[in-house]
Amino acid sequence: MAATGNKNINAKLVLLGDPGAGKSSLVLRFVKGQFVEFQESTIGAAFFSQTLAVNDATVKFEIWDTAGQERYHSLAPMYYRGAAAAIIVYDITNQASFDRAKKWVQELQAQGNPNMVMALAGNKADLLDDRKVAGFGLQEAQVYAQENGLFFMETSAKTATNVNDIFYEIAKRLPRVQPAQNPSGMVLTDRPAERAASATCCS
Ligand SMILES: Nc1nc2c(ncn2[C@@H]2O[C@H](COP(=O)(O)OP(=O)(O)O)[C@@H](O)[C@H]2O)c(=O)[nH]1
Ligand SMILES: [Mg+2]
């Protein structure tokens, strides 16, 4: 959950998606600014944290990078339960990974926190020539994301395209980061003047 102490927000974020889609690479790029061609596959899950400043708030992401293999599927709820945000990652050169991403979205819609901020990342955008997601992957993913209340970006952990941006967009959408619509309606204060007035009234 996004929890706040003033404007310091901790937000649990989970990455889900097929093995090989680039989840660990996106995290490595975001947290350390690095990319490796032969990223070791994740066993179980890995934890990272990174802080972003957004709209006068400081968002500390507590990031769970999951493995994605089917044999770890039963563990997934441990990571997405109570998460404030999820990034569902697919590989734009791999149709099966897009289909799998849709399954994760369904699972989160059914089992996840209803206020979860969900992002769909079409990763490996640097490999545009190999794009295979239904031949018109960009548009298909955009329509799918819109219909399902996700926001969507094509990313590349390799070139860093849209990597900080996707985390930044998530941070902006966390409920506590959005500027209050009607700030005065949220302020809970004692009103000594009023109490004093009523105490002297009508005695
Ligand atoms: N060209 C390209 N390769 C990537 C990108 N992201 C990840 N990879 C490669 O894809 C493979 C799988 O990445 P990894 O982060 O382990 O995927 P994960 O299983 O989803 O965590 C690795 O060899 C990465 O180097 C990207 O944006 N572009
Ligand atoms: Mg991984």
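What counts, and where the lines are drawn
- Residues numbered from 1 in each chain as written.
- Chains lettered and ligands numbered in written order.
- Predicted model: local features only at pLDDT ≥ 70, side-chain atom pairs only at ≥ 80, totals over all residues.
- Near = placed C-beta within 6 Å.
- Helix = DSSP H or I, 4+ residues; strand = E, 2+ residues; numbered from the N terminus.
- Nonpolar A, V, L, I, M, F, W, Y, C, P; charged D, E, K, R; others polar.
- Buried ≥ 20, exposed ≤ 12 C-beta atoms within 10 Å, placed from the backbone.
- Core = buried A, V, L, I, M, F, W, Y, C linked by C-beta atoms within 7 Å.
- Contact = placed C-beta atoms within 7 Å.

Asker: Sorry, what's going on with the site of ligand 1 here?
Answerer: Of all residues adjacent to ligand 1, which total 22 residues, the nearest are Gly22, Lys23, Ser24, Ser25 and Gln39. The element that contributes the greatest number of residues to the shell around ligand 1 is helix H1 (residues 23-32), accounting for three residues. Residues belonging to the shell around ligand 1 are distributed by class as follows: six nonpolar, 11 polar and five charged.

Asker: How should I be thinking about unusual backbone geometry in this particular structure?
Answerer: Note: most peptide bonds trans; most residues except glycine with negative phi. At Asn55, a residue that is not glycine, the phi angle is positive and equals roughly 45°. Note on placement: Asn55 falls in the loop between strand E3 (45-54) and strand E4 (57-66). In this model, Ala160 sits at a positive phi of 80°, which is unusual for a non-glycine residue. Tracing the chain through its elements places Ala160 in the loop between strand E7 (151-154) and helix H5 (163-173). In this structure Ala160 comes out as partly exposed when scored by C-beta crowding, with 17 C-beta atoms within 10 Å.

Asker: I would appreciate a short explanation of the nonpolar core in the present structure.
Answerer: Most often, soluble globular proteins have nonpolar side chains that are buried together. Counting residues in each nonpolar core, the largest one holds 48 residues, and the members touching the most others are Leu13, Ala86 and Ile88. Among residues more than four places away in sequence, those in contact with Ile88 are Leu16, Gly17, Ala101, Trp104, Val105, Met118 and Leu120.

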